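Breakdown of the fold
Below are the chains, spelled out letter by letter.
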Amino acid sequence: MAPARPAPVDSDYRGVYHLAGTRDERIEIQPNPIPRDDEEDNLYATQHPSVPVLLLTTTPTHSPALQARLETIEGLTRLNHETA
């Protein structure tokens, strides 16, 4: 099943990000700088301050099919991989 088209989500904690997915996959497009009320930005991923936009994926187990699809996106750099 293909992921749904990303829909914007407005979060007090994360700012505006886009969310799509299926029952088993969650894909988020998250700006790294998160605007604050005091005009300064927080970073979502402080360990990657030079990355302006993050593509976050969540799956219950390692997904070779999703990894293969992501590897076809030109300019996308894999920063890290974590397992639960």
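A short tour of the structure in this document, coming up. (Residues numbered from 1 in each chain as written. Predicted model: local features only at pLDDT ≥ 70, side-chain atom pairs only at ≥ 80, totals over all residues. Heavy atoms only, no water.)

As a further point, take helix 1 (residues 64–71). Owing to its 3.6 residues per turn, the α-helix brings residues three or four apart onto one side. Within the span of helix 1, buried status applies to Leu66, Gln67 and Leu70. Buried residues of helix 1, viewed axially, fall in a sector of 100 degrees; they line one side. The exposed residues of helix 1 that point more than 90 degrees off its buried face are Pro64 and Glu71. Against the buried residues of helix 1 lie strand 3 (26–31) and strand 6 (53–58). (Buried < 20%, exposed > 50% of the residue type's maximum accessible area, 1.4 Å probe, protein only. Helix = DSSP H or I, 4+ residues; strand = E, 2+ residues; numbered from the N terminus. Arc of directions from axis to C-beta. Contact = heavy atoms within 4.5 Å.)

Let us now look at the pattern of salt bridges. Per the stated rule, a full pass over the model turns up 5 salt bridges. A salt bridge links Glu28 to Arg14; the nearest nitrogen and oxygen atoms lie 2.4 Å apart. A residue pair is termed long-range when its members are at least 10 positions apart, and Glu28 in strand 3 and Arg14 in the loop between strand 1 (7–11) and strand 2 (15–21) qualify at 14 residues. Pair check on accessibility: Glu28 and Arg14 agree, each one buried. Glu28 is paired through a salt bridge with Arg26; the nearest N and O atoms lie 2.8 Å apart. Accessibility expressed as a relative area gives 35% for Arg26, which makes it partly exposed. By sharing partners, the salt bridges in this structure join Arg14, Arg26 and Glu28 into a single network. (Salt bridge = Lys/Arg side-chain N within 4 Å of Asp/Glu carboxyl O.)

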